[in-house]
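Examination of the molecular architecture
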Amino acid sequence: MIVLETDLNPPKLWLAAVPAPSGNSPEDQDDDRDLAMRSLRVLIVEDEFFISLDIKHLLETLGHVVVATAVSADEAVKIAEIEHPDVVLMDIWLAGQRDGIDAAEDIHRRCGIGSIFVTANSDPETRRRAQATQPLGFLAKPLTAEQLRLALSKVRPR
Amino acid sequence: MFMPTRLFPYVIPPQRIRTFLILFAVALTSPLVGLAVFAFNQMANLEEREVERRVLQVAQDLAGDIDRELESATVTLVTLGTSQALAQRDFAAFHAQASRALRREEAAILLVDHSFQQLLNTRAAFGASLPKTSDIETAQKVLDTKQRQVSDVFMGVISRQAVINVEVPVVDRESVSYVLIMALDAARFERMLHSQRLESQWVTGIADNKGIILARSERHADFVGKPLPQELLEKSRTANVVFRTTNVEGQEILAGTVRSQIAGWLVLATVQLANVESSRRQGIIFAATMLVTALGLGAILAYVFATFMASPLQDATNAAAAVGRGEHVVRLASPLVEANTLTAALSAASSELKRRQDQSAFLMRELAHRSKNQLAVVKGMAKQTARQIASVDQFVEQFDQRIQGLAESQDLMVQQNWRGASLNDLVSAHLKLFAASPRAHIEGPPLFLSADAVQNIGFALHELATNACKHGALTFPQGRVFVSWRTLTSDDRVLLEWVERDGPAVQPLKHQGFGFLVITELVARALQGAAQLEFSPDGIRWQLEFPASHVLNKDDPLT
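Residues numbered from 1 in each chain as written. Chains lettered and ligands numbered in written order. Predicted model: local features only at pLDDT ≥ 70, side-chain atom pairs only at ≥ 80, totals over all residues. Heavy atoms only, no water.

The subject of this paragraph is the overall build of chain A. The helix and strand tally for chain A stands at 6 helices and 5 strands. Helices and strands appear in chain A in the N-to-C order α-β-α-β-α-β-α-β-α-β-α. For chain A, the residues scored as buried account for 53% of the 158 residues in total. Considering only residue pairs separated by 6 or more positions, chain A has 71% of its internal contacts joining residues 24 or more positions apart. (Helix = DSSP H or I, 4+ residues; strand = E, 2+ residues; numbered from the N terminus. Buried < 20%, exposed > 50% of the residue type's maximum accessible area, 1.4 Å probe, protein only. Contact = heavy atoms within 4.5 Å.)

Before going further, it helps to spend a moment on the overall build of chain B. Helix and strand counts for chain B stand at 13 helices and 19 strands. A buried classification covers 41% of the 559 residues belonging to chain B. Long-range contacts, defined here as pairs at least 24 residues apart, represent 57% of the contacts in chain B between residues at least 6 apart. A total of about 30,000 Å² of accessible surface is found on chain B, and carbon and sulfur atoms cover 57% of it. (Areas by Shrake-Rupley, 256 points an atom, 1.4 Å probe, with all protein chains shown as cover.)

This part takes up the pairing of strand S9 (residues 241–246) of chain B. Residues and elements named next belong to chain B. Side-chain alternation along S9 places Val241, Phe243 and Thr245 on a buried face and Val242, Arg244 and Thr246 on a face that remains uncovered. In terms of strand pairing, S9 meets strand S10 (residues 252–259) through 6 bridges, oriented antiparallel. Within S10, the position partnered with Thr245 by the bridge is Ile253. Adjacent in sequence and paired antiparallel, S9 and S10 are bridged by 5 residues, among which Gly250 carries a positive phi angle near 80°. (Pairing = 2+ DSSP bridges.)

The N-to-C vectors of helix H2 (residues 49–61) of chain A and helix H9 (residues 337–388) of chain B enclose an angle of 65°; their axes lie 7 Å apart at closest approach. For the crossing formed where H2 of chain A meets H9 of chain B, the hand is left-handed. Here Phe50, Ile51, Leu53, Asp54, His57 and Leu58 of chain A of H2 of chain A lie close against H9 of chain B, whose contacting residues are Asn373, Ala376, Val377, Lys379, Gly380, Met381, Lys383, Gln384 and Arg387 of chain B. Looking at the contact of H2 of chain A with H9 of chain B residue by residue, the class counts come to 7 nonpolar, 4 polar and 4 charged. (Axes fitted to C-alpha atoms, helices over the stretch in contact; angles between N-to-C directions. Left-handed = near helix turned anticlockwise from the far one by under 90°. Nonpolar A, V, L, I, M, F, W, Y, C, P; charged D, E, K, R; others polar.)

As a further point, take the packing of aromatic side chains. In this structure the tally under the stated criterion is 9 aromatic pairs over all chains. With 5.4 Å between their ring centres and 90° between their planes, Phe189 of chain B and Trp265 of chain B make a pair best called edge-to-face. Of the two residues, Phe189 of chain B sits in helix H5 (residues 186–194) while Trp265 of chain B sits in the loop between S10 and strand S11 (266–272), which places them 76 residues apart along the sequence. The residues Phe189 of chain B and Trp265 of chain B share a single accessibility class, namely buried. Look at Phe395 of chain B and Phe399 of chain B: their rings are 5.3 Å apart centre to centre, the planes differ by 10°, and that puts the pair in the stacked class. Of this pair, Phe395 of chain B and Phe399 of chain B both sit in helix H10 (residues 392–415), 4 residues apart, which is roughly one turn of the helix. Three or more aromatic residues joined by ring pairs make a cluster, and in this case those are Phe49 and Phe50 of chain A together with Phe459 and Phe514 of chain B. It is Arg127 of chain A that lies over the ring of Phe138 of chain A; its NZ or CZ is 4.2 Å from the centre. (Phe/Tyr/Trp six-rings, centres within 6.5 Å; stacked < 30°, edge-to-face > 60°. Lys NZ or Arg CZ within 6 Å of the ring centre and 35° of its normal.)

A separate point is the sheet that holds strand S2 (residues 65–70) of chain A. Residues and elements named next belong to chain A. Strand order in the open sheet formed by 5 strands is S2-S1-S3-S4-S5, and the pairing between neighbours is parallel. Looking at which strands have only one partner, the edges of the open sheet turn out to be S2 and strand S5 (137–140). Neighbour-to-neighbour, the strand axes of this sheet turn through a mean angle of 20°, independent of strand direction. Pairing analysis gives 4 bridges linking strand S1 (residues 41–45) to strand S3 (residues 87–91), with the strands arranged parallel. From the neighbouring strand, Val42 faces S3, where its bridge partner is Val87. Relative to S2, helix H3 (residues 73–83) is tilted by about 150°, and along the sheet it contacts S1 and S2. Against the sheet, helix H4 (residues 100–111) touches S3 and strand S4 (115–119), its axis set at about 160° to S3.

A few words on the side chain of Glu46 of chain A. Residues and elements named next belong to chain A. Among the secondary structure elements, Glu46 is positioned in the loop between S1 and H2. For Glu46, a relative accessible area of 2% gives the class buried. There is a polar contact of 2.9 Å between the side chain of Glu46 and the side chain of Lys141. Not counting residues within four places of it along the chain, the set of residues in contact with Glu46 comprises Ile51, Ser52, Thr69, Ala70, Val71, Asp91, Leu94 and Lys141. (Polar contact = N/O pair within 3.5 Å; in protein donor to acceptor, adjacent residues only side chain to side chain.)

In this complex, chain A contributes 23 residues to the contact, which on the side of chain B involves 26 residues. Roughly 2,400 Å² is buried in total at the junction of chain A and chain B, and carbon and sulfur atoms are behind 61% of that figure. Seen at the junction of chain A and chain B, the total is 3 salt bridges. As a salt-bridge pair, Arg525 of chain B and Glu75 of chain A come within 3.2 Å of each other at their nearest N and O atoms. There are 9 residue pairs in polar contact (both at pLDDT 80 or more) connecting chain A and chain B. Mapped onto the side of chain A that touches chain B, the elements with two or more residues apiece are H2 and S2 of chain A. If you tally residues by element for the side of chain A that touches chain B, the top one is H2 of chain A, at 7 residues. Residue composition of the side of chain A that touches chain B, by class: 12 nonpolar, 5 polar and 6 charged. (Buried area = accessible area lost by both parts, 1.4 Å probe. Salt bridge = Lys/Arg side-chain N within 4 Å of Asp/Glu carboxyl O.)

It is worth spelling out helix H1 (residues 17–81) of chain B at this point. The end-to-end C-alpha distance of H1 of chain B, which contains 65 residues, comes to 95 Å, matching closely the 96 Å that a straight helix rising 1.5 Å per residue would cover. A maximum bend of about 25° is found in H1 of chain B at Thr29 of chain B, where proline Pro31 of chain B lies one to four positions downstream. (Expected span 1.5 Å × (residues − 1). Bend = angle between axes of the 7 residues up to and from the residue.)

Residues and elements named next belong to chain B. A sheet is described by the order of its strands in space; here 3 strands give the open sequence S12-S14-S19, paired in antiparallel fashion. Only two strands of the sheet have a single neighbouring strand rather than two, namely strand S12 (420–422) and strand S19 (551–552). As paired strands, strand S14 (residues 448–450) and S19 are joined by 2 bridges and run antiparallel to one another. Within S19, the residue paired with Leu449 across the bridge is Val551. Sheet strands in contact with helix H11 (residues 423–433) are S12 and S14, and its direction is about 80° off that of S12. Lying on the sheet, helix H12 (residues 451–470) is in contact with S12 and S14; it crosses S14 at an angle near 95°.

All names here are of chain A. Across chain A, the average pLDDT comes to 79, with 76% of residues at or above 70. Mean pLDDT per element in chain A: helix H1 (residues 26–37) is the minimum at 46, and S1 is the maximum at 96. Here residues 1–36 is a poorly scored stretch, pLDDT under 50, and it has 43 contacts once near neighbours within four places are set aside; other chains count. (pLDDT = per-residue confidence, 0-100.)

What follows covers the environment of Thr133 of chain B. Residue and element names in this part refer to chain B. Along the chain, Thr133 turns up in the loop between strand S2 (118–121) and helix H4 (136–145). Taking relative accessible area as the criterion, Thr133 reaches 5% and is therefore assigned buried. Linking Thr133 and Ser115, residues 18 residues apart in sequence, is a C-alpha distance of 9.4 Å. When near neighbours in sequence (up to four residues on either side) are disregarded, Thr133 contacts Val112, Phe116, Gln118, Asn165 and Ile181. Among the polar contacts made by the side chain of Thr133, one reaches the main-chain amide nitrogen of Asp135 at a distance of 3.2 Å.

Pasting the structure below:
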């Protein structure tokens, strides 16, 4: 089981978009503790089922609810419009014509839902495109429970 | 490998094409320029020979005129010498006869006896008192030789003019009785000189045997009776010569001299050297101007054509450098075919280079992504396997097999640069992993699947083969597996079928494990298709239907 520590050092793979904790101030600790308690409704977009099952398991372990797993951009947009999750964990490289960045942009525009990109590796050009959609965060594959917890701790339920 | 021709590799250090083009032009023009200069020099010499020939010709013509004049005078005198009046010593009649014969003004006929006393002179009236002839020397020669004689120039006693005498003997019974003389004014010869009608730069003249000027076409009055310059006289000793000297006016001249056959006088035709030189100089200036103009025009044309060559080659060189820097090069449309060929090749090479760079970059990105993603897949695979398993040994066995299956799929994709793999190869590879190939029947059209389809169908095939070996048809020696696929043209989908025969009696599963989830749900969802598993008594029948969008044209370029 994951032990929630309040005075975490930011993990090395933590990738920018979510502001790094500024220190161990009591205010920050309170905030973390508050957010850790909340359960989020999460949409997973991932075309590799071994990975999506793993992420689903991690999320459930952290106390969140997985509303669905989508395997393509179009499917992700469709489900987001129906389920209105709090956040989308979005793989960038998806099978099909459109990639995760397109889907994230669409979902944000249509439903106002933010995405956290989960990607194995991205070239600078892809990264620039992803950054332009103002994502809630970037996570590197393979995911750890800790990274996921920290990324989701900044997301507020809708 | 193509090896270029090595031309004088050590003799000539490398030069730019412009240098060789200049050398080429110089090599081509210098012999021509040399030839032109030589030819012009020859022409100038010929022209000078022509002037010299003309000088001599004029002198010869004049000498001919003079000789004809003297001959005519002789004929008149000889005719008069046979006159009846003279024979009868009727001098009065002879005076009249001689005066009639002498129609010309600048002449007189004289008759002298042995004592050189003038017996008559047509310039004086008959009977007038006359002195002795002033040219005793010539008259003496006539008496001595009984031959015609022509005098040198002297001052006539009566005419007070410069004159010459033509004298013939009057023979009476083998002895000379008188000397008959025709005195001709030197002015006559001056007019004869003018009759040649020469250009102004010509000066002609006649000098007697002593070198005294008898007539001159220019300033006759000033020079008649004056001696010729010594040098001119010396050089004139040989007859029919042309030479350079100074005339009485002190001018540099080209002179031709001929001697009169009858009188032995020097006949001179001269032209001022200044004129000859100036015409020669004009010729040189003209020829030089022509040569410089021709060279200039040639140089301009050479420059234009050289630019046609050098400029495209420079462009091609720049293009080659650009290819070296990895830039794209467009093919050239220049006037030089070779340069166009070169840049076309460079353009193709740069495009190919770009294509390979792009492909290489794509593969690197793909590889980086895939390897990380596969780690995540393996991690997920490990966790999912672990969740279903009771003992560590069992986990190791199942996880090991799944990793092997993943590796098979991956091997096929690596062979195709991660683009995908053929469905036939995929099925064969997974059956081979379980040594099931001899008992499997594989049938279907060639289909090239996308990478994600290969991986997912690979998972399904792996779980199916595992199940067949553990619980299905392959547990029996006679058990067989039929794998087939076909495209459903009606709705653009592909149907893949796994059918087991001659195995143990099939019973629906009591415990549905992770493998069951993979073949019935997960793979189908990942491919946005549908899967169906039937437990018929003959064996299981599994069907997977997925969109044909997962099928690629094998020859499509990388995207």
